[in-house]
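# Breakdown of the fold
Residues per chain, in single letters:
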Amino acid sequence: MNSQFPINQNFTKESLKKQFRLSEFLAEKIISSIAFLSITIIILIFFFVFKESLPIFHFGKSEKAKTEVSSESMPESYGSTSVEDLKPESYGSEPKEDLKPEAYGEPVSQSDLKPESYGEPVSQSDLKPESYGEPVSQTDLKPETYGDVVVEPLTETTTKDSSISEENQHQDKVAENNEGTDQTWSTFLTTEWVPVSNNPRFGLIGLLIGTIKVTIIAMLIAGPLAILAALYTSCFASKRKKEIIKPIIEMLAAFPSVVIGFFALIVLATFFQNIFGYDSRLNAFIGGVAMALAAIPIIYTISEDALSAVPKTYTEASLALGASKWQTAFFVTLPAATPGIFAALLLGIGRVFGETMIALMATGNAALLSSNPFESVRTFAATIGAEMAETVFGETHYSVLFFIGSLLFIFSFVLNAVAEFYVKGKLIKKFQGK
Amino acid sequence: MDKIIDKENPHFFSNTTNNADVKGKFFIGITQLAVVLIIAILFIILGIIVFEGREKFSWEFISSFPTDGMTKGGVLPAIIGTFILVVVMSIAAVPFGTITAIYLTEYAKENSKIAAAVRFSVRTLAVVPSIIFGLFGLGFFIQFLGTGLDETFNGGELHWGQPNILWASLTMSLLTLPVIIVSVEEALKTIPRELREASLALGATKWQTIKNIVLPGSISGIMTGTILAVSRGAGEVAPILFTGAAYYLATLPESLSDQFMNLGYHIYIMSTQSSDVEKTMPIQFATTLVLLILTLSLNLVAVIIRSRIRRKSK
Amino acid sequence: MKNTKIEVKDLSLYYGEKQALKNISLEIPRNKVTALIGPSGCGKSTFLRCINRMNDLIPSVKITGEMLVEGIDIYDKNVDVVNIRKKIGMVFQKSNPFPKSIYENVAYGPKINGINNKTELDEIVETSLRQAAIWDELKDRLDDSAMGLSGGQQQRLCIARTLAVSPDIILMDEPASALDPISTSKIEELVHELKEQYTIIIVTHNMQQAARTSDYTAFFYLGELIELGKTNTIFTKPEQKQTEDYITGRFG
């Protein structure tokens, strides 16, 4: 700021001349560029999560594609990420054969029906040959594996030569991976998730069904409960009660998901097993109940806001017509707030769909195909959480997990976009009649 | 809607046990039940964790290392690890979150597409599953930045290209960014337009006004945001699963390139992978209690500050 | 021309599609008090905010025409809006002291202009407070928060704060509308004293106030300037029928 203090300064053209203020200019530029960082982060997240999953598309391309493996020379057609897009490619023959022989044998045998069996100390080095020198951190610092790793002899995906640079190693690995995992993404549409084996299969269907199952259970519990509670808070409770209820329910949001997961694993699981008497202690139902606890505060808060935002004139008009309080609440306020409640449910689904710790701790983590809610399931997010630490950089398994991550990201992005634009547009239409 | 028309019948006032009345009580009762149920569940969780955890919960538990293969001893390294994590995370997230909020309230034009895009991005960041941040941390910070740093400065020797506190904290800071932005934005909005106008009418520039009038008035908002972010960051486990949390470390981390222990991760590990889950149960509950006390009390402080801001602005 | 401080030529202002000021042309004399009167929503405050470009803050506003202060068009693209506001101070309807100490409030303007010398600042604060006739009341509690003052004191503090930047012109937007009669009369006295050194433009909805304090009066109605003249003339024998109707209380 080098402008002079205007005492005794006349009102002249010079004194009023446009000044260039460096600090002003810098402040504005810096602030706006930092604000744009949030956009950049979103793009970066998508880019990097998706980038790591690219190799799987590579293998599937063609025999020719196998030879050129450098990750820089990717064809542009990676935009098509949806599973449907993958269908037309004719890899159908192999997975069908795979389906029958082992059925779901492997995941079942390994699935941890009892928590104790988690402890199984499979040393990382048994799983992976020494030649994978570079991920020291993972092999050294975490001597035990988490989750239900299928213990099988070395896969074919090993490189014998560790002396070459990491870049080359990566490429070699990729190249050799091809032999074993040629059909990587052809196995996506199967139901078997056997990532570590002689013949790794990455059937996403089982995981998808597991995720959907847990989501449905959680939403069936959380949705009605949270919306009814929101209705009570905004329509029936006195102001004093409202001021107590709201912060208490919102306090539930402050519970870390690992705490809810822990509670489900130790307390809820036993409690419900005693009631229903099913076999597997950890199952989709337990996971669903626990996730409902995580979703309730989100759905509650947003629905409550939506209900409270309904113009007073609506409810007053209804009350003036002689409708009682509950009639007004159910027939006027609730319908008027539908778009907001819809958004609340969408965001609740987003929360449950991507919830990792609860799924990891309470669902049993076995990808079974069953409609029984009391069977163990395995969700997308839990799969990433459980297995990422054991994969090796550049391996197919690693890429597939990142691919699942991309799917989760896209899904939550779309959910948010729908909640944001569709619902907002509806609300504006509703209240302003435009 | 027929019910409403029903009421126009002349017998309505005399008819006290009206059908609609009973129905109404029933519906209101159900909504009330939902509230009671949710609150009951909340207190049951709290109660069980406090009850089961109280036995082991002591100063000694907080201030000592785990011993005997984590079947005895305390959680000191996990607490310290969590503490370092949230401090580094706040250092990264608070300035960025505050500045973004300033942009949104002070600089962005009302209908500008860019501001809308920033807002949308912030909300998307808030709903992206936390595990995705973990993947991003692994793909970007560790594999891209870390490995890049190692190749450029360490001649390929592995130093930054592996999970550590720094990468875990930065990953966590992305996760908590929206929390800070929303809190600060809310606080900035409570500063009356009159004060901004008064400053501008005295010949202050926009930045001078922000620096001297707007920011001092929003300190409490920045504080709430930070506290909420810290509470969130202390409890999240998924983002640090493969960006820096360690199962067990015999020593405290010495630099940002070390791995660390973390309360939430410790709970996860102890309850699913411990060699004797039954025997360590008290430790698990006590650890959970420590984490809950930490996050809930931070939240409580934030709620109090926030309600003060709201009262002030009225 | 010599005695004209502000000359407005054909000034129109639009809020989006809506025209709020319609082709205003007028001259405001130097070192006099000019009152702007009219029913609420007539554009008098909007016009006042045009004079120091406060309307720039509202994104949808579009302004056409010229606003010449000392012969310089302040809407010229080479003119710096920040410097304009240093020379044309403004006192608002609602007193709006900063949530800082009394001293800091007055010293704010000089400080942002780069004056950091303590003795110089002290001097400016004292002169400004004296000019605003509030020094004696506040001299012992300069470090107290300004938020603890009464409404009338706050408003005079705001005037002192404006004076501290030593403007040429002071704009007052209904400065006494929220005050009790005693505070109001103090403000009016103050206005009377200040016109020796400053050109003052005051918006008021109180016709007695306009009659008491101003030398010239402009009557606005529905975004148009109906009449501008010596206050005496306007209040005794206005030229326009609408002005007479308003002054005699037949509408508004």
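The rules behind these values
Residues numbered from 1 in each chain as written. Chains lettered and ligands numbered in written order. Predicted model: local features only at pLDDT ≥ 70, side-chain atom pairs only at ≥ 80, totals over all residues. Heavy atoms only, no water. UniProt positions renumbered as here; feature names shortened; annotations may be inferred. Helix = DSSP H or I, 4+ residues; strand = E, 2+ residues; numbered from the N terminus. Rg over C-alpha atoms; globule rule 2.2 N^0.38 Å. Buried < 20%, exposed > 50% of the residue type's maximum accessible area, 1.4 Å probe, protein only. Contact = heavy atoms within 4.5 Å. Areas by Shrake-Rupley, 256 points an atom, 1.4 Å probe, with all protein chains shown as cover. Lys, Arg positive; Asp, Glu negative; His and termini not counted. Charge placed at Lys NZ, Arg CZ, Asp CG, Glu CD. Salt bridge = Lys/Arg side-chain N within 4 Å of Asp/Glu carboxyl O. Phe/Tyr/Trp six-rings, centres within 6.5 Å; stacked < 30°, edge-to-face > 60°. Lys NZ or Arg CZ within 6 Å of the ring centre and 35° of its normal.

As recorded by an unreviewed UniProt entry, chain C carries the name Phosphate ABC transporter ATP-binding protein and is attributed to Flavobacterium cellulosilyticum. Entered under Function (unreviewed entry) in the UniProt record, the comment concerning chain C runs "Part of the ABC transporter complex PstSACB involved in phosphate import. Responsible for energy coupling to the transport system." Regarding chain C, the relevant UniProt record gives this comment under Subcellular location (unreviewed entry): "Cell inner membrane".

Where an unreviewed UniProt entry is consulted, chain B appears under the name Phosphate transport system permease protein PstA, with the organism given as Flavobacterium cellulosilyticum. Recorded in UniProt for chain B, the comment headed Sequence similarities (unreviewed entry) runs: "Belongs to the binding-protein-dependent transport system permease family. CysTW subfamily." The UniProt entry for chain B carries this comment under Subcellular location (unreviewed entry): "Cell membrane".

### Description of the overall build of chain B
When you go through chain B residue by residue, the secondary structure sums to twelve helices and two strands. Starting at the N terminus and ending at the C terminus, chain B contains elements arranged as α-α-α-β-β-α-α-α-α-α-α-α-α-α. In terms of overall size, chain B is more extended than a compact globule, its C-alpha atoms giving a radius of gyration of 26 Å where 314 residues would be expected to give roughly 20 Å. If one aligns the C-alpha atoms of chain B with their principal axes, the spans along those axes are about 90 × 65 × 35 Å. Counting every position in chain B, which comprises 314 residues, the buried fraction comes to 57%. Sequence-distant contacts in chain B: of pairs separated by 6 or more residues, those separated by 24 or more amount to 73%. Here chain B displays about 13,400 Å² of accessible surface, and carbon together with sulfur accounts for 64% of that area. Positive and negative charge centroids in chain B, built from 24 and 22 side chains respectively, lie 12 Å apart.

### Description of the pattern of salt bridges
Inspection of every chain in the model, using the stated rule, returns 25 salt bridges over all chains. Of the charged contacts, one joins A:E420 and B:R123 as a salt bridge, the two residues approaching to 2.6 Å between their closest N and O atoms. Placement of A:E420 in helix α19 (residues 396–432) and of B:R123 in helix α5 (residues 113–127) is noted, with the two residues assigned to different chains. Accessibility expressed as a relative area gives 11% for A:E420, which makes it buried.

### Side note on the packing of aromatic side chains
For the structure shown, the criterion picks out 34 aromatic pairs over all chains. Pairing A:F47 with A:F48 gives two aromatic rings, centres 5.2 Å apart and planes at 85°, and the pair type is edge-to-face. Overall, A:F47 belongs to the partly exposed group, its relative accessible area being 47%. In this structure A:F48 comes out as buried when scored by relative accessible area, which is 3%. Ring geometry for A:F276 versus A:F285: centroids 5.7 Å apart, planes at 85°, classification edge-to-face. In this structure A:F285 comes out as buried when scored by relative accessible area, which is 16%. Residue placement shows C:K62 over the ring face of C:Y14; its charged tip is 5.0 Å from the ring centre. Sitting over the face of the ring of C:F98, C:R161 holds its NZ or CZ atom 4.5 Å from the ring centroid.

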